[in-house]
Amino acid sequence: MTPSKWIDLTGAIGIITKAGRYGSGTYAHSDIAMEFASWISSEFKLYLMKDYRRLKYDENSRLSLSWNLNREISKLNYRVHTDAIQQNLLPSELTKEQQSYVYADEADVLNVALFGMTAAQWRAQNQGKKGNIRDYASIQQLLVLANLESYNALLIEQHQPQSSRLQSLRDMAIKQLQTLSALDISGLPQLPKA
């Protein structure tokens with residue numbers, strides 16, 4: 001069956017035949033042409049699949065750039081937070097192991113304020129996932145986390161008790177997340193779904 005006969009019989013759209021000076025030619029939408037080419041050549045089909053995977057990888061790398069930037073900002077800002085802990089909450093007589101509990105406890109203050117749960121609670125609910133709660137945070141959450149770290153460092157330096165700091169941090173997290181969710185961020189890159 002010729003392409004023109006097939007077009008006439010099926011009423012196909014997206015594919016046409018034209019008679020020209022040097023004979024007739026068949027032209028198709030690029031999707032149709034690639035489907036025909038992949039049917040004819042398995043090598044071409046493999047090329048398409050490989051190139052598609054490469055494009056998706058590149059796209060995900062570009063999309064995750066904003067997330068990675070905010071994650072790095074949170075990590076850098078965490079130094080401000082840990083310095084405040086070291087200077088204000090760690091008595092010199094504590095062992096390194098005891099100090100690590102103080103740091104972890106303060107990290108969980110931020111986790112509870114922002115995510116509503118501790119790192120241990122998140123791990124218990126997400127046993128199949130690698131990483132930690134912050135690795136799965138949205139861009140907005142990471143931005144708020146960086147702000148919470150700075151604010152908590154300030155509250156620690158002011159010798160605020162942990163319970164009142166947690167309440168202040170939670171209020172701040174809720175307010176900032178509401179503000180950020182109200183913004184139109186459709187033009188910003190979004191994270192790929194985990």
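Located above this text is the structure these notes cover.
Just so we're clear, the structure is a prediction, and the values are computed from it rather than from any experiment. (Residues numbered from 1 in each chain as written. Predicted model: local features only at pLDDT ≥ 70, side-chain atom pairs only at ≥ 80, totals over all residues. Heavy atoms only, no water.)

Caption draft 1: Examining the packing of helix α4 (residues 96–115) against helix α7 (residues 162–182) more closely. Look at α4 against α7: their axes get within 8 Å of each other, and the N-to-C directions meet at 40°. By the angle between their axes, α4 is oblique relative to α7. Considering how the two elements wind past one another, α4 and α7 form a crossing that is right-handed. Every residue of α7 that contacts α4 at Asp105, Glu106, Val109, Leu110, Val112, Ala113 and Leu114 is listed here: Gln162, Arg165, Leu166, Leu169, Arg170, Ala173 and Leu177. A breakdown of the residues in the contact of α4 with α7 according to their chemical character gives nine nonpolar, one polar and four charged. (Axes fitted to C-alpha atoms, helices over the stretch in contact; angles between N-to-C directions. Helix = DSSP H or I, 4+ residues; strand = E, 2+ residues; numbered from the N terminus. Parallel < 35°, antiparallel > 145°, perpendicular 65-115°, else oblique. Left-handed = near helix turned anticlockwise from the far one by under 90°. Contact = heavy atoms within 4.5 Å. Nonpolar A, V, L, I, M, F, W, Y, C, P; charged D, E, K, R; others polar.)

Caption draft 2: Structural context of the pairing of strand β1 (residues 15–20). In this sheet, strand β2 (residues 23–28) lies alongside β1 in antiparallel orientation, the contact comprising six bridges. What sits directly across from alanine 19, in β2, is serine 24. Hairpin geometry of β1 and β2 is characterised by an intervening segment of two residues between the two adjacent antiparallel strands. (Pairing = 2+ DSSP bridges.)

Caption draft 3: Representation of the pattern of salt bridges within the structure. Considering all chains together, one arrives at four salt bridges under this definition. Taking the shortest distance from any N to any O, the salt bridge between arginine 54 and aspartate 51 comes out at 3.0 Å. Residue arginine 54 and its partner aspartate 51 are both found in helix α3 (residues 42–88); the two are separated by three residues, about one turn of the helix. Residue class for arginine 54 comes out partly exposed when judged on its relative accessible area of 41%. Glutamate 106 serves as the salt-bridge partner of arginine 165, at 2.7 Å between the closest nitrogen and oxygen. Of this pair, arginine 165 sits in helix α7 while glutamate 106 is found in helix α4, placing the two residues 59 residues apart along the sequence. (Salt bridge = Lys/Arg side-chain N within 4 Å of Asp/Glu carboxyl O. Buried < 20%, exposed > 50% of the residue type's maximum accessible area, 1.4 Å probe, protein only.)

These figures capture arrangement, not role.
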